[in-house]
Amino acid sequence: MEVIITPDRDKAALLTARIVAKELRAKPSLVLGLATGRTMERVYAYLAHFHQQEGLDFSRCHTFNLDEYIGIPAGHEGTYRQYMDQHLFQKVNIPLEHTHLPDGAAPDLGAECLRYESRIRELGGIDLQLLGIGIDGHIGFNEPLSALLSRTREKALTPATLAQNAEMFGGDVARVPRRAITMGVGTILDCGRCLLLATGSTKAAVLAQAVEGPITSMVTASALQLHPRCQVVVDEEASTALRGQEYYRWIFANEPEWAEFRDLDALEPR
Ligand code: GLP
């Protein structure tokens, strides 16, 4: 695992978007795993800029989202499909049929979970998976005690997650769906490369547990420590509880892999 500390949330999103853009340019048929949440909105805004201003091409890319709520109709403003349409899909040239999310309104949810896993396999697996982190340490909707080898399945959400995600439901916790379909931790670990983005002081404690704490199903993001290529991009606020900050900063300042990304101002859209 590597941790990159950037000055603020905007630069963290910019760096994340630049890494995605580089992968997409290197492999136009990239299979890209996507996450939702407020943190990701800036990343998608940058990717839309890169498309509009620099011609970043999404026409051959396929995407798989981590999760989707159960029990709200397709087209409802709270669905992650709506979120993705609004923040990314309508702003870039990705064919709609290349965008995949679990169908939380499917009549047979068990069959839908199996279908989702097969579709990922048919397309050769996820090359790069974007991830956020929940306040309870979840990735996707893999809540505490999710099996670290779990696959796509239904999951009941914790009170902390319901509260965290209420904003997208008019601030009313009672309106947040109680269940979701989520890729499993095992599904996520199968991807070629993971990129986790965490910003803001509310994420500092749980991020330190995920990155530097023991691998535990109580903090499912900690399973990313097992992944051979996982990078974590944070801002100063989210980095405050990390013990290894000095080393992480040295790596970013010195390792050749990061040379082209070091001058964060130069990464801004042209
Ligand atoms: C939801 C998503 C997670 C995401 C989290 C972070 O719970 N299912 O995949 O990591 O939101 O949300 P935010 O970026 O709003 O803090």
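Scroll up to find the structure.
All figures in this text were calculated on a predicted structure; none of them were measured in a lab.

**A few points about the site of the ligand**
Next, step 1: The immediate surroundings of the ligand are formed by 15 residues, with Arg38, Thr39, Asp67, His138 and Lys203 found nearest.
Next, step 2: Note that an oxygen atom of the ligand is positioned 3.5 Å from one of the backbone N or O atoms of Gly132.
Next, step 3: Gln164 is positioned with one of its side-chain polar atoms (N or O) 3.0 Å from an oxygen atom of the ligand.
Next, step 4: Burial of the ligand by the protein chains amounts to 96% of its free accessible area of 400 Å².
Next, step 5: Looking at the shell around the ligand residue by residue, the class counts come to four nonpolar, eight polar and three charged.

**Observations concerning the packing of helix α2 (residues 38-54) against helix α3 (residues 80-87)**
Next, step 1: At a minimum axis distance of 10 Å, the contact between α2 and α3 shows a crossing angle of 35°. Along its contact with α2, which presents Met40, Glu41 and Tyr44, the element α3 presents Tyr83, Met84 and His87.
Next, step 2: Of the residues that constitute the contact of α2 with α3, the class distribution is four nonpolar, one polar and one charged.

**Focus: helix α1 (residues 9-26)**
Next, step 1: For α1, spanning 18 residues, the distance from its first C-alpha to its last is 26 Å, which sits close to the expected 26 Å at 1.5 Å a residue.
Next, step 2: Considered for burial, the residues of α1 that qualify are Lys11, Ala12, Ala13, Leu14, Leu15, Thr16, Ala17, Arg18, Ile19, Val20, Ala21 and Leu24.
Next, step 3: Measuring from the side-chain oxygen of the N-cap residue of α1 to the backbone nitrogen of Asp10 gives 3.1 Å; that N-cap residue is Asp8.

**Overview of the sheet that holds strand β2 (residues 31-34)**
Next, step 1: Read across the open sheet, the seven strands follow the order β1-β10-β9-β6-β2-β3-β5; overall the sheet is parallel. Looking along the sheet, the strands with just one partner apiece sit at the ends: β1 (2-6) and β5 (99-100).
Next, step 2: Direction of pairing for strand β3 (residues 62-65) relative to β5: parallel, over a ladder of two bridges. If you follow Thr63 over to β5, its bridge partner there is Thr99.
Next, step 3: Packed on one face of the sheet, helix α7 (residues 204-212) meets β1, β9 (193-198) and β10 (230-235) and runs near 160° to β10.

**So, the sheet that holds strand β4 (residues 67-69)**
Next, step 1: Strand order across the open sheet formed by three strands is β4-β8-β7, with antiparallel pairing between neighbours. Each end of this open sheet is capped by a strand with a single partner; those strands are β4 and β7 (153-156). Adjacent strand axes in the sheet meet at a mean angle of 30° when their direction is disregarded.
Next, step 2: In this structure, β4 lies alongside strand β8 (residues 179-182), joined through three bridges in antiparallel fashion.

Definitions and cut-offs
Residues numbered from 1 in each chain as written. Predicted model: local features only at pLDDT ≥ 70, side-chain atom pairs only at ≥ 80, totals over all residues. Heavy atoms only, no water. Near = heavy atom within 4 Å. Polar contact = N/O pair within 3.5 Å; in protein donor to acceptor, adjacent residues only side chain to side chain. Areas by Shrake-Rupley, 256 points an atom, 1.4 Å probe, with all protein chains shown as cover. Nonpolar A, V, L, I, M, F, W, Y, C, P; charged D, E, K, R; others polar. Axes fitted to C-alpha atoms, helices over the stretch in contact; angles between N-to-C directions. Helix = DSSP H or I, 4+ residues; strand = E, 2+ residues; numbered from the N terminus. Contact = heavy atoms within 4.5 Å. Expected span 1.5 Å × (residues − 1). Buried < 20%, exposed > 50% of the residue type's maximum accessible area, 1.4 Å probe, protein only. Pairing = 2+ DSSP bridges.

It is worth stressing that arrangement in space is one thing and function is another; only the former is reported here.
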